Amino acid sequence: MKFVLSVGMILLCLTSLGFADSDREIHAVKISQPIKVDGKLNESVWSSMRPISEFVQRDPNQGEAPTEKTEVWIGYDDNALYIAARLYDSHPDSIMKVLSRRDNISTSDWFIVFIDPYHDKRSGNYFAIGPSGMLGDGVLFNDDWDNSDWDGVWEGKANIDETGWTVEMRIPFSQLKFHEQQEQIWGIDFRRDIGRKNEQDYITYTPRMQSGFVSRFHELVGIEGVKPSNQAEFLPFTTTKAEYTHPSVGNPFNSGSRYHPDFGADLRYGLNGNLVLNATVNPDFGQVEVDPAVVNLTDVESFFQEKRPFFVEGANIFTMFGQGGGNNYWNFNYPQPTFFYSRRIGRSPHGNDTLDNVDYVDMPIATRILGAAKITGKLSDSWNVGTVHAVTSRMIAPFQINGTRSEAEIEPSAYYGIARVQKEFPDGRQGIGFMGTLARRSFSLNDIGSRLENFINRSAVFAGIDGWTFLDEDKMWVITGYSAMSHVNGSKERITNLQTNSVHYFQRPDASYLKVDSNATSLTGFTGRAYLIKQKGNSYVNASFGIIDPKFEINDLGFLSRTNVINMHGGGGYVWSEPEGIFRTREIGGGVGQSYDFGGNLIHRVVVEWLFAKFTNYYSINLNFAQNPSTAYNIRRTRGGPITLNPKGWEADLMFNTDDRKEVFVNGYANTYFSSITNFVNYGAAIQFRPSSSVTFSIGPDLTLDQEKLQWVDRYNDAVATSTFGSRYVFGEMNQKTISANIRLNWTFSPKISLQLFAQPLISSGAFTNLKMLARSRSDEYVAFRQNGTTINKVVDPSSHDVRYTVDGDGVGPATSHTLNNPDFNFKSLRGNAVLRWEYLPGSTIYFVWTQSRSDNEGDGEFRFNHSLYRLGNSRPDNIFLIKMSYYFNV
């Protein structure tokens, strides 16, 4: 269970009578005196209570008494919950007091409180504090899982003394969701981490090889007369942005220096005790980390993580669609859809590519979000609800051709809506839910708007149901899954383009079950997947069956890489969870999987084995092996053309980790795949240095060597090519080398002030040789140009030195020749940003941000490291400076 292994504990307070009626009850005491949250426990209320001290080790020695004593007290007033703790330590000078950014709950000393205010035994919040005063918080869901993206507004202080360290927390009731009733009954748990011993102590814990965390909590009783908050939290902000870029000489729209003052606001309001409204107007996310650069030679869109706080917080209710009940989900070459991909909202305008023949254009990089709102929470005890609504602006790009200025609509105004409802039955043994999304666009009535309709769907709807049921009393076996449908509509040109894009490939000439309908103005498809999971005990089982109809389409508000898949897998393994000899834990497992297309063609078959071991010194190693034991068909290599054959192949992956308690921590990996057409190796590491308790530096070098004998180059029509349905499909032998690094520096000056630096240099080159074409469908036969009468000639432009190739698939035959652009590439990039964050008041923050990007591209496939560094260092950078200030109001 991801969360229980990653964070902390909670403290509670007893009355002087101890645990009162039941060992499962912990009493909170109402307090009348003011509490100064300074971490020093000098208020008399704490000494008047009997502490909670019945902690037990989960790690490293499960079930044994803790090596250090911990005492916890809990109280409340009309507005907040107060928690105090004394964490004794026989060697206070050895306390790990890492000073890091918020929510970075790494190996260190921590005290964490887990609260289930709904008492639904499946969800809740956690609040963590370290001895340096660093805070962390997040949400609990699905009984076992957590997410740190939620940031509450609460106080916590810590203090180190001669007996260990002490903690005080003040958690306003406005930050918790609970039922409106006279006497509250909540779930509660605490955890203490002792970093140097890798020890975790709980009041109650999930035993190894078991599941369920929130459902095991003790009951917190004694809180009376408090009401859920309906206060409004208002966060207005203002930004000032300065851009220094290098537009084309003579650009009338951009001199190279531009300044953008702006403002907006965020709102959080408790609609009732169980529902919370979050809204944002004209949001700005300039303080988030930049996306990494990628060199994508596939036909699949690159996926980037969502980093914008408004969309990240509370997203688990949507991302968990189809995954309730279970705690592990495997994919054996299954393109699992992301049904809500929030980065579609505010994305780069769709019409950017429609203005590539103009002299100058002022192209926005993102679509402006006018406003967005979401409601999350519960209706009654067992109904979870969530909904998001966003409106984006109509985007206009001014351009100039031959001295004449005009403008074009490059993105229509749009509405995006998501709704999620989930019903949980008693004790979470069954659940059923619904999720739906809607994207609706309003095109302008002029000629420009009508042309844009050929690039974007007019509307898109997705609707699905999901659910789970446990098969036994112990919640060991669970069946879970989902079923969904999609429907999109648009112009005839748009739907035709949609059918033939890389997600669908309806135009495949040898797929009789697929057909492009050029008169269609809509597309409707379905998907579904079911899992059988055994998730308790030393042995585990995971099996699934899933399908994605060729017509299924969700990329207006989701992420889908490919369709036309019928997939199944089965596997399992065994874990030795108790220490033995040099091992702390060991695991062995394996599985088999295979996929078919809707024409019955086997497109993937794999046998997988894995080994994992963690040693007594806290080093670990993971070995994975996989074989494609038989040839299979490839329905995507020709990118909409005939089916081809994939040869047998095998891969091996190695990952290892050193002890993350040390000043230097290494996470290394090596990935390989070999077949008769591919030689792929990838080596890398993430090396973290911690020179002091407040500074962490990490560098992640990565080297990829990829030799492909069948790398896609181009397709062109040739009526003579009857064996490949009137087209030539051209490939080349590619030798690609890529070296990159993720470099980070986190310097935390205090719990309120931190500096984060990120930089990613990347150099990638690809040299193509031996261009060839597919000989016939359903084969692995290719004809190199200059063989069998075919010809190829290299042509160099004397002025630009650009290289092109003239190829002829039948030589002196009747077919005409075709010109190919040089596929060689040499791309260099450096991008990064620096973010100085100061939380000058609780919930109020100032960001100072500097973002820089530079790149260089040559039509040369030779990898020359020093030359590339020189070119990159001399390329002109684009710089963006941003100041963002927000102020938190609680009214």
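Residues take numbers from 1 onward in each chain, read along the sequence in its written order. Per-residue local features are limited, in this predicted model, to residues with pLDDT of at least 70; the limit for side-chain atom pairs, both in listing and counting, is 80 or more; totals at the level of whole chains, interfaces and linings are taken over all residues. Only hydrogens and water are removed before side-chain values are computed, so all heavy atoms of the structure are retained for them.

Asker: How should I be thinking about the overall build of the chain in this particular structure?
Answerer: Only DSSP runs of H or I with at least four residues qualify as helices, and only runs of E with at least two residues qualify as strands; both kinds are numbered from the N terminus onward. Within the chain one finds six helices and 48 strands. The size measure is the radius of gyration over C-alpha atoms, and the globule rule it meets is 2.2 Å times the number of residues to the 0.38 power. What you see for the chain is a C-alpha radius of gyration of 30 Å, in line with the 29 Å of a compact globule of 891 residues. Dimensions of the chain along its principal axes, counting C-alpha atoms only, are 100 × 60 × 55 Å. Here the chain, with 891 residues, has 54% of them falling under the buried criterion. Burial classes follow relative accessibility: with a 1.4 Å probe on protein chains only, a residue under 20% of its type's maximum area counts as buried, one over 50% as exposed, and anything between as partly exposed.

Asker: Help me understand the pattern of salt bridges in this model?
Answerer: Pairs may arise between side chains of opposite charge once their charged atoms sit close together. Throughout this description, the term salt bridge denotes a Lys or Arg side-chain nitrogen within 4 Å of a carboxyl oxygen of Asp or Glu. According to the stated counting rule, one finds 42 salt bridges in the structure shown. Two residues, Lys30 and Asp78, come together in a salt bridge whose shortest N-O distance is 3.0 Å. Within this pair, whereas Lys30 is found in strand S2 (residues 29–30), its partner Asp78 is found in the loop between strand S4 (70–76) and strand S5 (80–88), the two being separated by 48 residues in sequence. On the basis of relative accessible area, Lys30 is assigned to the partly exposed category, the value being 46%. For Asp151, the salt bridge identified is with Arg102, shortest N-O distance 3.6 Å. Placement of Asp151 in the loop between strand S9 (145–147) and strand S10 (155–161) and of Arg102 in the loop between S5 and strand S6 (110–116) is noted, with a sequence separation of 49 residues between them. Residues joined by salt bridges that share partners form a network here, namely Glu68, Asp89, Arg192, Arg196 and Lys197.

Asker: Any chance you could explain the sheet that holds S10 here in plain terms?
Answerer: In any sheet, the strands associate via hydrogen bonds between backbone groups, in a parallel or an antiparallel arrangement. Pairing between strands requires that DSSP locate at least two bridges from one strand to the other. An order of S2-S4-S5-S11-S10 is seen for the five strands of this open sheet, with the pairing classed as mixed. The open sheet terminates on both sides in strands that have one partner only, identified here as S2 and S10. Pairing between S10 and strand S11 (residues 164–172): seven bridges, direction antiparallel. By the bridge assignment for S11, Asn159 is matched with Thr166.

Asker: What exactly am I supposed to notice about the sheet that holds strand S22 (residues 404–411) here?
Answerer: Strands sit in the order S18-S21-S22 across an open sheet of three strands; the sheet is antiparallel. Of all strands in the sheet, those with a lone pairing partner are strand S18 (360–361) and S22, marking the two edges. Pairing of strand S21 (residues 395–401) with S22 involves seven bridges; the strand directions are antiparallel. Considered in S22, the bridge of Ile401 is made with Thr404.

Asker: Can you help me understand the pairing of strand S23 (residues 413–424) in this one?
Answerer: Both faces of the sheet carry side chains from a regular strand, because those side chains alternate between them. Sheet topology note: the strand S20 (residues 383–392)/S23 ladder contains ten bridges and is antiparallel. From the neighbouring strand, Thr392 faces S23, where its bridge partner is Ala414. Two elements, S23 and strand S24 (residues 430–442), share twelve bridges in a ladder whose sense is antiparallel. Opposite Tyr415, over in S24, you have Arg440 as the bridge partner. Here S23 folds back onto S24, and the loop between the two strands holds five residues, one of which, Asp427, carries a positive phi near 65 degrees.

Asker: What should I look at first to understand the packing of aromatic side chains in this one?
Answerer: Each aromatic ring pair is summarised here by two numbers: the centre-to-centre distance and the angle between the ring planes. Stacked, tilted and edge-to-face are the three classes applied to pairs of Phe, Tyr and Trp rings, where Trp contributes its six-membered ring and a pair requires centres within 6.5 Å; stacked means planes under 30 degrees apart, edge-to-face means over 60, and tilted covers the rest. Counted under the stated rule, the structure contains 42 aromatic pairs. When the centroid spacing of 6.4 Å and the interplanar angle of 80 degrees are considered together, the rings of Trp145 and Tyr329 count as edge-to-face. Here Tyr329 lies in the loop between helix H3 (316–319) and S18 and Trp145 lies in strand S9, a separation of 184 residues in the sequence. The exposure class assigned to Tyr329 is buried, which follows from its relative accessible area of 16%. The interplanar angle of 35 degrees and the centroid separation of 5.0 Å between the aromatic rings of Trp747 and Phe749 together place this pair among those described as tilted. Assessed through its relative accessible area of 38%, Trp747 is described here as partly exposed. Residue classification places Phe749 among the partly exposed positions, given a relative accessible area of 42%.

Asker: When you look at the side chain of Ser459 in this model, what are you seeing that I'm missing?
Answerer: Structurally, Ser459 is set in strand S25 (residues 459–470). You can call Ser459 buried: its relative accessible area is 6%. For the purposes of these results, a polar contact is taken to be a pair of N or O atoms within 3.5 Å, where, inside protein, one atom must be able to donate a hydrogen and its partner to accept one; residues adjacent in sequence count only when each atom of the pair is a side-chain atom. Polar contacts involving the side chain of Ser459 include one to the side chain of Asn489, which spans 2.7 Å. Residues are treated as being in contact if the distance between any of their heavy atoms lies within 4.5 Å. Beyond its immediate chain neighbours, meaning those up to four positions away, Ser459 contacts Ala439, Arg440, His487, Val488 and Asn489.

Asker: Just to check I follow, could you spell out the pairing of strand S35 (residues 649–657) for this structure?
Answerer: Note: strand S32 (residues 620–628) against S35, nine bridges, orientation antiparallel. Along S35, the bridge assignment pairs Ile621 with Phe656. Pairing of S35 with strand S36 (residues 664–675) involves nine bridges; the strand directions are antiparallel. When the bridges of S36 are listed, Phe656 appears paired with Gly668. Counted between consecutive antiparallel strands, the loop separating S35 from S36 contains six residues.

Asker: Explain the environment of Arg562 here, please?
Answerer: When you line up the elements, Arg562 lands in the loop between strand S28 (539–548) and strand S29 (565–576). Here Arg562 falls in the buried class, since its relative accessible area comes to 15%. Considering only alpha carbons, one finds Arg562 and Ser257, 305 residues apart in sequence, at a separation of 42 Å. With sequence-adjacent residues up to four places away left out, Arg562 is seen in contact with Asn333, Pro335, Val503, Ile548 and Arg636. A distance of 2.9 Å separates the side chain of Arg562 from the backbone oxygen of Asn333, its partner in a polar contact.

Asker: Got a minute to help me understand helix H5 (residues 492–500) in this structure?
Answerer: Because each turn of an α-helix spans 3.6 residues, side chains separated by three or four positions end up pointing in the same direction. Along H5, the residues that are buried comprise Arg494, Ile495, Thr496, Leu498 and Gln499. In this structure, the buried residues of H5 make contact with strand S26 (477–489) and strand S27 (522–534).

Asker: Can you help me understand the environment of Gln422 in this one?
Answerer: Position of Gln422 among the secondary structure elements: in strand S23. Look at Gln422 and you get buried, because its relative accessible area is 11%. In this structure, the C-alpha to C-alpha distance between Gln422 and Ile317, residues 105 residues apart in sequence, is 8.8 Å. Residues contacting Gln422, with those up to four places away along its chain left out, are Ser382, Trp383, Asn384, Ile432, Gly433, Asp466 and Trp468.

Asker: How do you make sense of the nonpolar core when you look at a structure like this?
Answerer: As a rule of thumb, nonpolar side chains are buried together in soluble globular proteins. Core analysis: the biggest nonpolar cluster contains 44 residues, and Leu81, Ile83, Phe111, Met169, Trp186 and Phe190 have the highest contact counts within it. The contacts of Met169, once residues within four sequence positions are left out, are Leu81, Tyr82, Ile83, Phe111, Val113, Phe127, Ala128, Ile129, Trp154, Glu155 and Gly156. What is meant by a nonpolar core is a set of buried Ala, Val, Leu, Ile, Met, Phe, Trp, Tyr and Cys residues, joined one to another through side-chain atoms within 4.5 Å. The next biggest cluster of nonpolar side chains, apart from the first, holds 38 residues, and it includes Phe318, Ala390, Ile418 and Ala439.

Asker: How should I be thinking about the side chain of Asp103 in this particular structure?
Answerer: Mapped onto the fold, Asp103 is located in the loop between S5 and S6. By the counting rule applied here, Lys and Arg register as positive and Asp and Glu as negative, while His and the ends of each chain are not counted. Lacking a salt bridge, the buried Asp103 has Arg102 as its closest oppositely charged neighbour, with an N-O distance of 4.3 Å. Leaving out residues up to four positions away in the same chain, Asp103 has contacts with Leu135, Gly136, Asp137, Ser148, Trp150 and Asp151.

Asker: Is there a simple way to think about the confidence of the model for the chain in this case?
Answerer: Note that predicted coordinates carrying low pLDDT should not be read in detail. Each residue gets a pLDDT score, which is the predictor's confidence in that residue and runs from 0 to 100. With 97% of its residues at a pLDDT of 70 or more, the chain has an overall mean of 91. A low-confidence stretch, residues 1–22 stays under pLDDT 50, and its non-local contacts, those more than four residues away or across chains, total 109 contacts.

Asker: Would you mind going over a nonpolar patch on the surface with me for this structure?
Answerer: Two distance rules govern patches: like charges are joined within 9 Å, and nonpolar side chains (Val, Leu, Ile, Met, Phe, Trp, Tyr) within 5 Å, applied only to residues with over 30% relative accessible area and no salt bridge. Only the protein chains shown count as cover for residues, and all accessible areas are computed by the Shrake-Rupley method using a 1.4 Å probe. Together, Phe234, Leu841, Tyr887, Phe889 and Val891 line one region of the surface with nonpolar side chains, adding up to about 440 Å² of accessible area. With respect to the element layout, Leu841 can be found in strand S45 (residues 825–841). Exposure remark for Leu841: the relative accessible area of 37% places this residue in the partly exposed category.

Asker: What is the right way to read the environment of Ile74 from this model?
Answerer: Within the secondary structure, Ile74 is located in strand S4. Ile74 sits in the buried class, given a relative accessible area of 0%. For the pair Ile74 and Val45, spaced 29 residues apart in sequence, the C-alpha to C-alpha distance is 9.9 Å.

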